[in-house]
Amino acid sequence: MSHTTTHRTDPTAFHCSSCGTSTYDGPRDHCPQCLHARHQDDAGLCGASMAPLAVAVHGPGEWRLVHRCTTCATLTSSPVRADDHQVALMALAVRPLAQPPFPLDLLGRI
């Protein structure tokens, strides 16, 4: 049985194609463990895995996960849920500090 068929049959189920976690706690758009999602475009054609890229803060207490599709590179965002893995969220949030896109020694020259 494919992951998409299962999702359409039981709207409360989410089966993660990245880590294998299954949840049945209501409709959700990303895995609570590894934070990966499934691309569900309007036409329903893609269905590929979406990798978590970042955590965006839109206001007090309003965190969103930013995902990129591994097939078509579409970007999406979805609200962080209370049952999401807290360590995975924090690791994603601090990634820009741990792996900056430029050498940190350049900051001293500014």
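Look up: the structure comes first, before these words.
Residues numbered from 1 in each chain as written. Predicted model: local features only at pLDDT ≥ 70, side-chain atom pairs only at ≥ 80, totals over all residues. Heavy atoms only, no water.

Draft legend 1. Examining the overall build of the chain more closely. Helix and strand counts for the chain come out as two helices and six strands. In sequence order, the chain lays out its α and β elements as α-β-β-β-β-β-β-α. Within the span of the chain, comprising 110 residues, buried residues form 26% of the whole. Sequence-distant contacts in the chain: of pairs separated by 6 or more residues, those separated by 24 or more amount to 32%. Surface exposure of the chain reaches about 7,000 Å², of which carbon and sulfur atoms provide 58%. (Helix = DSSP H or I, 4+ residues; strand = E, 2+ residues; numbered from the N terminus. Buried < 20%, exposed > 50% of the residue type's maximum accessible area, 1.4 Å probe, protein only. Contact = heavy atoms within 4.5 Å. Areas by Shrake-Rupley, 256 points an atom, 1.4 Å probe, with all protein chains shown as cover.)

Draft legend 2. Local environment of the pairing of strand β4 (residues 49-59). Where strand β3 (residues 37-38) and β4 come together, two bridges link them in antiparallel fashion. Looking across to β4, one finds that arginine 38 is bridged to serine 49. In the sheet, β4 pairs with strand β5 (residues 62-69) via eight bridges, with the strands oriented antiparallel. Bridge pairing in β5 places alanine 51 opposite arginine 68. Hairpin connection, β4 to β5: the antiparallel pair is bridged by two residues, and glycine 61 has positive phi, about 75 degrees. (Pairing = 2+ DSSP bridges.)

Draft legend 3. Just unusual backbone geometry, in detail. A positive phi angle is found at leucine 35, which is not glycine, with a value near 70 degrees. Here leucine 35 is to be found in the loop between β2 (22-23) and β3. Accessibility expressed as a relative area gives 1% for leucine 35, which makes it buried. A positive phi angle is found at alanine 73, which is not glycine, with a value near 65 degrees. Within the element layout of this structure, alanine 73 appears in the loop between β5 and β6 (75-79). Take alanine 73: its relative accessible area is 46%, and that puts it in the partly exposed class.

Draft legend 4. Representation of the side chain of histidine 67. Mapped onto the secondary structure, histidine 67 falls in strand β5. Within the local environment of histidine 67, its side chain forms a polar contact with the backbone oxygen of leucine 35, the two atoms lying 2.7 Å apart. Ignoring any residue separated from it by four or fewer positions in sequence, one finds histidine 67 in contact with His30, Leu35, His36, Ala37, Met50, Ala51, Pro52, Leu53, Thr74, Leu75, Thr76 and Ser78. (Polar contact = N/O pair within 3.5 Å; in protein donor to acceptor, adjacent residues only side chain to side chain.)

Draft legend 5. Region of the structure containing the sheet that holds β3. Taking strand neighbours across the sheet as the criterion, the four strands line up as β3-β4-β5-β6 in an open arrangement whose pairing is antiparallel. Of all strands in the sheet, those bounded by a partner on one side alone are β3 and β6.

Draft legend 6. Structural view of the pairing of β6. Bridge count between β5 and β6: five bridges; the pairing is antiparallel. Note that in β6 the partner of arginine 64 across the bridge is proline 79. Counting the residues between successive antiparallel strands, the hairpin from β5 to β6 contains five residues, one of them, alanine 73, with a positive phi of roughly 65 degrees.

In short, shape yes, function no, at least from these values alone.
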